[in-house]
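So the chains spell out like this:
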Amino acid sequence: MSAEYYMDKPDCFIKVENAVRTYNQGGIRVEALKSASCRVLPHDRIAVVGPSGSGKSSLLHIMGGLDKPTTGSVSWPLLGGPESLRPGRLGFVSQTRSLVSSLNVLENIALPLLLLDHDYEEAKNTAEDLLRIMGLMDIANKQPDELSGGQLQRAAVARALSTRPKVILADEPTGQLDHTTADHLLGVLFEHIRDTDTALVIATHDRDVARRMDKKWKMQYGILEVEAV
Ligand SMILES: Nc1ncnc2c1ncn2[C@@H]1O[C@H](COP(=O)(O)OP(=O)(O)OP(=O)(O)O)[C@@H](O)[C@H]1O
Ligand SMILES: [Mg+2]
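Because the structure is predicted, anything quoted here is derived from the model rather than measured. (Residues numbered from 1 in each chain as written. Chains lettered and ligands numbered in written order. Predicted model: local features only at pLDDT ≥ 70, side-chain atom pairs only at ≥ 80, totals over all residues.)

This part takes up the site of ligand 1. The environment of ligand 1 is made up of 14 residues, and the closest members are Tyr23, Ala32, Ser52, Ser57 and Ser58. Secondary structure elements with two or more residues in the shell around ligand 1: strand E1 (14-25), strand E2 (28-40) and helix H2 (56-63). Element by element, the count of residues in the shell around ligand 1 is highest for H2, at three residues. (Near = placed C-beta within 6 Å. Helix = DSSP H or I, 4+ residues; strand = E, 2+ residues; numbered from the N terminus.)

Shown next, in the form of structure tokens:
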């Protein structure tokens with residue numbers, strides 16, 4: 001399949017065109033993303049790989065509408081404008097701590113549904129189901145600052161799944177997990193989106209995770225190399 005064919009497909013969830021992201025680090029201009037172009041299509045299972053500092057998080061933040069490219073563009077043709085992404089159509093798992101510290105784990109996972117005006121009981125039941133699937137029921141009533149890094153990561157994944165989003169962007173979701181737990185987490189993600197057209201994009205250093213995805217995008221020095229299979 002040619003790169004042109006891949007780029008011309010109109011039916012995508014996310015479309016990034018010539019996105020550049022520069023940061024100012026104490027007067028020095030750092031180009032974290034150098035003219036990246038890519039698309040996320042329904043059913044995609046994409047691993048974004050590359051060394052630390054190569055721009056994976058910068059790319060994911062732009063794809064998720066959490067950040068804007070310095071130049072270039074991002075759009076979500078099948079999802080709507082940036083205001084319609086969260087909570088709801090796009091689930092984002094941040095690489096850094098992201099749970100609301102004043103809420104317990106169950107409340108954190110129910111929160112996106114409550115923001116979408118779901119009934120409290122229904123939101124709570126969904127959150128409990130997700131915690132059960134993740135094997136996290138024992139921490140349902142704990143506050144985020146009482147959790148280990150791996151428990152926080154798994155709770156963040158559960159929260160991202162709560163609204164059954166069309167796209168899941170997960171930034172290093174297994175970074176603090178042992179091999180068995182990482183494997184289980186990926187299994188939960190795959191099972192959750194099975195029989196749907198949901199797309200999954202995972203930035204990862206974990207070769208086992210990358211191997212289980214269908215496509216591999218490589219980042220190096222801010223340059224994105226997209227594999228069109
Ligand atoms: N908020 C920021 N302010 C200044 N520089 C930043 C900021 N965020 C990222 N950078 C810089 O941009 C570059 C890319 O960072 P990014 O976090 O995207 O890399 P990454 O591939 O996700 O790395 P890692 O694998 O360690 O998570 C790095 O040089 C980093 O120092
Ligand atoms: Mg990162």
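So that's the structure; there's more coming.
Packing of helix H5 (residues 120-134) against helix H6 (residues 149-161) brings their axes to within 10 Å, and their N-to-C directions diverge by 135°. If you check the angle between H5 and H6, you find them oblique. The handedness of the crossing between H5 and H6 is right-handed. Contact residues: Leu130, Leu131 and Met134 in H5; Arg154, Ala158 and Leu161 in H6. (Axes fitted to C-alpha atoms, helices over the stretch in contact; angles between N-to-C directions. Parallel < 35°, antiparallel > 145°, perpendicular 65-115°, else oblique. Left-handed = near helix turned anticlockwise from the far one by under 90°. Contact = placed C-beta atoms within 7 Å.)

Let us look at the sheet that holds strand E3 (residues 45-49). Strand order in the open sheet formed by six strands is E5-E6-E7-E3-E8-E9, and the pairing between neighbours is mixed. A single partner strand is all that each edge strand has here, and the edge strands are strand E5 (90-93) and strand E9 (223-225). Geometrically, the sheet is characterised by an average inter-axis angle of 15° between neighbouring strands, direction not taken into account. The pairing of strand E6 (residues 167-171) with strand E7 (residues 199-203) spans five bridges and is parallel. Residue pairing for E7: leucine 169 is matched across the bridge by valine 201. Lying over the sheet, H6 contacts E5 and E6, oriented at roughly 175° with respect to E5. (Pairing = 2+ DSSP bridges.)

What follows is about the environment of valine 74. Structurally, the position occupied by valine 74 is in strand E4 (residues 71-75). Note: C-alpha distance between valine 74 and serine 84 (ten residues apart in sequence) is 14 Å. The residues touching valine 74, leaving out its near neighbours within four places in the chain, are Val16, Ala19, Ile62, Met63 and Pro69.

Pairing in this open sheet of three strands is antiparallel, and the strands run E2-E1-E4 from one edge to the other. Since the sheet does not close on itself, it has two edges, and those belong to E2 and E4, each with one partner. Direction aside, neighbouring strands of the sheet carry axes that sit 30° apart on average. Pairing of E1 with E2, which is carried by nine bridges, proceeds in the antiparallel orientation. Bridge pairing in E2 places isoleucine 14 opposite valine 40.

These figures capture arrangement, not role.
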